[in-house]
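Listed below are the residues making up each chain.
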Amino acid sequence: MDVQGTVDPGFEPVKDAFTRNFEQRGERGAAVAVYRDGRKVVDLWAGTRDVDGTAPWAVDTAQVVRSVTKGVAAAVPLLLHQRGQLDLDAPVGTYWPEFKAAGKERTLVRHLLAHRAGVPVLDTPLTPGEALDAAGGFERAAAALAAQAPVWEPGTDHGYHAHTYSWLLAALVRRVTGRPIGRWVAEEIARPLGLDLWLGLPDEEAHRVGRIGRLEEPPASASGGLVLRPKRAVADAYRDAGSLTRRAFAVIDPAPDENAPEYRAAGLPGSGGIATARALARFYAALLGPVDGHRLFAPATLAMARTEESAGPDRVLVVGTRFGLGYMLHGPASPLLAPGSFGHPGRGGSLAFADPESGVAMAYVTNGMRKGVTADPRARALVRAAAKAAGQGL
């Protein structure tokens, strides 16, 4: 495999693991980037731009990163709180009065961020046209969520809001700032940091974006020892059409084509972001501290982002999960670099996170989607290699 890019001395294990993902785990096209203490130390890419094509992955190739987007979107309400524009302990209805309906009067802003709002599903799924209506401010989806009764009392339990997270945050941010969340990210995060990262892909950047698609699982004999088999309860939940698991992932019906121009342009803040690994690693580095003079989170905000808000059996994902304010935390279901790490995986493979103690920020982007929601073996291999390089001993 012809791996392109650069690796600083000491981080060669990341390149070795990246290469093995192609040789042993069936990788088609991918990139990985690592920052440490605000400086880029790994920037690698290889394979094909499209999962079903032959054109090579280029230095500027970007991909749809699915729920990795949640970690970018979560920074917006936290930064608004940091600037004094949003109270995380206020009821959502303070900013979005229509949301107070159907038993959601006491839902707090922090409940939205920590997957405790009780609305991971909709009784009536949205059509793709309703779900992707960014030009209309996602208001049709917002209205459906405002009218939806919660499936548990908000604040008392947690369950992954796989898709509804998009419209919850979009509606909240629009009402607080008057701007669409994608524009806020572009103006306040991506532009100052020089990130190739979009929640809503501009037409002029479309030529850079590869096609994602499903990959077959590698045989156990070729996996390099990192194969995840879902627990029976998890498999059963995905098979049961009436389970919260199936319903949460089927909120848009029929499922949209993630490679279609309209999907990429919509920029769903929970699943439709498009980015390079380099941009995501740089974004997380700026959450930790200065990157070329730009810093996003103040120390108090950084502490809030990774303080545990939800933990234990996840009513949607079934396995045990841990969440801070908008970020998944290190744990058995989503192992990151170290116990203090925070970030977000994307269903099928991609991952981005930061670890304040080691100063490491890391991102992995792939066009080959596998079955898992968290802890993809390819990402795990890269994280273990980065931990070794950073002296974390995982």
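Right above here is the structure, for reference.
1. What about the packing of aromatic side chains?
(1) Moving on: This model, assessed by the stated rule, comprises nine aromatic pairs.
(2) Moving on: Judged by centre distance (5.2 Å) and plane angle (90°), the ring pair of Y327 and F342 falls under edge-to-face. Separated by 15 residues along the polypeptide, Y327 in the loop between β9 (320-323) and β10 (328-329) and F342 in strand β11 (residues 342-345) bring together distant segments of the chain.
(3) Moving on: The class for F342 is buried, based on a relative accessible area of 0%.
(4) Moving on: An aromatic cluster is built from Y160, Y238, F249 and F323, whose rings are joined through pairwise contacts.
(5) Moving on: The ring centre of F99 lies 4.8 Å from the NZ or CZ of K104, which sits over that ring.
(6) Moving on: Looking at R347, its charged tip hangs above the ring of F249, at a distance of 4.2 Å from the centre.

2. Considering helix α13 (residues 377-390)
Along an α-helix, residues three or four apart share an orientation, since each turn contains 3.6 residues.
(1) Moving on: For α13, which comprises 14 residues, the first-to-last C-alpha distance of 20 Å matches the rise-based estimate of 20 Å (1.5 Å per residue) to within 8%.
(2) Moving on: Counting buried positions along α13 gives eleven out of 14 residues, so the element sits mostly inside the fold.
(3) Moving on: Along α13, the residues classified as buried are P377, R378, A379, A381, L382, V383, A385, A386, A387, A389 and A390.
(4) Moving on: Here the buried face of α13 lies against α1 (12-24), β2 (29-36), β12 (351-355), β13 (360-366) and β14 (368-369).
(5) Moving on: Immediately downstream of α13, the backbone of G391 shows phi near 75°, a positive value.

3. Points about unusual backbone geometry
(1) Moving on: A cis amide bond, omega 0°, links D253 with the succeeding residue P254.
(2) Moving on: Checked against the element boundaries, P254 lands in the loop between α9 (244-249) and α10 (261-266).
(3) Moving on: Despite not being glycine, D37 has its phi angle at roughly 55°, a positive value.
(4) Moving on: Tracing the backbone through its elements, the reader meets D37 in the loop between β2 and β3 (39-47).
(5) Moving on: Notably, V318 is not glycine yet its phi reads approximately 75°, a positive angle.
(6) Moving on: Note on placement: V318 falls in the loop between β8 (310-313) and β9.

Conventions and cut-offs
Residues numbered from 1 in each chain as written. Predicted model: local features only at pLDDT ≥ 70, side-chain atom pairs only at ≥ 80, totals over all residues. Heavy atoms only, no water. Phe/Tyr/Trp six-rings, centres within 6.5 Å; stacked < 30°, edge-to-face > 60°. Helix = DSSP H or I, 4+ residues; strand = E, 2+ residues; numbered from the N terminus. Buried < 20%, exposed > 50% of the residue type's maximum accessible area, 1.4 Å probe, protein only. Lys NZ or Arg CZ within 6 Å of the ring centre and 35° of its normal. Expected span 1.5 Å × (residues − 1). Contact = heavy atoms within 4.5 Å.

Treat this as a map of the structure, not an account of what it does.
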